[in-house]
Amino acid sequence: MLSTLLISGLLALNPFAAAPRVPLAPAAVVAGSIDACRIYGSVYLERDPRRRGYCFATVYLEPEETFADLLVYSETNKLFADRAGLWYFTEARDFADYALFVTDNRNLADFSFQYTKVRNYAGCQKQ
């Protein structure tokens, strides 16, 4: 009976099985994996390259509305920024829902955006 207990314990621990493969480094975020259509609320635009690592995403301010991934309408009240493309810009990074780094290089950006003056046009572009 003791031998049965020892054998069942040895099989439960299974020292001969291959060790599970665990990556040494966490998986990196794939460029373009950030969904611009989910960003709304209070936003802080960071322009200091030293603080790029503290930002949620990297964005590019598109000069042409046609090529932008997201059209943004600047709200004057945070309570009205409740759907995609409606952003309330804050002056303090700590009070923002999202901190976005603005880059001059379009190739480094996760998505591009352009401002619009019409609230109904704000949102994601269908591509």
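All of these numbers come straight from a predicted model, not from anything done at the bench.

Counting across every chain of the model gives 5 aromatic pairs. Pairing Trp 87 with Phe 113 gives two aromatic rings, centres 5.3 Å apart and planes at 50°, and the pair type is tilted. With a gap of 26 residues between them, Trp 87 in strand β4 (residues 86-89) and Phe 113 in strand β6 (residues 111-115) connect regions that are remote in the sequence. Residue Trp 87 shares its accessibility class with Phe 113, and that shared class is buried. Aromatic rings pair up to connect Trp 87, Phe 89, Phe 113 and Tyr 115 into one cluster.

The next subject is the state of the cysteines. All chains considered together, the criterion is met by 1 disulfide. Here Cys 37 engages in a disulfide with Cys 124; their sulfurs sit 1.7 Å apart. In this pair, Cys 37 sits in the loop between α1 (2-13) and β1 (41-46) while Cys 124 sits in strand β7 (residues 123-124), placing the two residues 87 residues apart along the sequence. Accessibility expressed as a relative area gives 35% for Cys 37, which makes it partly exposed.

Moving on: the nonpolar core. Ile 39, Leu 70, Trp 87, Leu 100, Phe 111 and Phe 113 are the most contacted members of the largest nonpolar core, which has 15 residues in total. Looking at this core element by element, the count peaks at 3 residues for strand β5 (residues 98-103). The residues touching Phe 111, leaving out its near neighbours within four places in the chain, are Ala 36, Ile 39, Ala 57, Thr 58, Val 59, Tyr 60, Asp 69, Leu 70, Trp 87 and Leu 100.

Attention now moves to the pattern of salt bridges. It is possible for side chains of opposite charge to pair when their charged atoms get near one another. Applying the stated criterion across every chain, the model contains 5 salt bridges. The residue Arg 38 makes a salt bridge to Asp 35 at a minimum N-O spacing of 3.5 Å. According to the relative accessible area criterion, Arg 38 is exposed, its value standing at 61%. Judged by its relative accessible area of 38%, Asp 35 falls in the partly exposed class. The salt bridge partner of Glu 75 is Arg 119, with a shortest N-O separation of 2.6 Å. Placement of Glu 75 in the loop between β3 (70-74) and β4 and of Arg 119 in the loop between β6 and β7 is noted, with a sequence separation of 44 residues between them. Of the residues examined, Glu 75 reaches a relative accessible area of 8% and is grouped as buried.

For the rest of this paragraph, the subject is the pairing of β4. When β1 meets β4, the two strands line up parallel, connected through 3 bridges. Bridged to Val 43 within β4 is Phe 89. Sheet topology places β3 next to β4; 2 bridges connect them, and they run parallel. Residue pairing in the sheet places Tyr 73 in a bridge with Leu 86 of β4.

Parameters at a glance
- Residues numbered from 1 in each chain as written.
- Predicted model: local features only at pLDDT ≥ 70, side-chain atom pairs only at ≥ 80, totals over all residues.
- Heavy atoms only, no water.
- Phe/Tyr/Trp six-rings, centres within 6.5 Å; stacked < 30°, edge-to-face > 60°.
- Helix = DSSP H or I, 4+ residues; strand = E, 2+ residues; numbered from the N terminus.
- Buried < 20%, exposed > 50% of the residue type's maximum accessible area, 1.4 Å probe, protein only.
- Disulfide = S-S within 2.5 Å.
- Core = buried A, V, L, I, M, F, W, Y, C linked by side-chain atoms within 4.5 Å.
- Contact = heavy atoms within 4.5 Å.
- Salt bridge = Lys/Arg side-chain N within 4 Å of Asp/Glu carboxyl O.
- Pairing = 2+ DSSP bridges.

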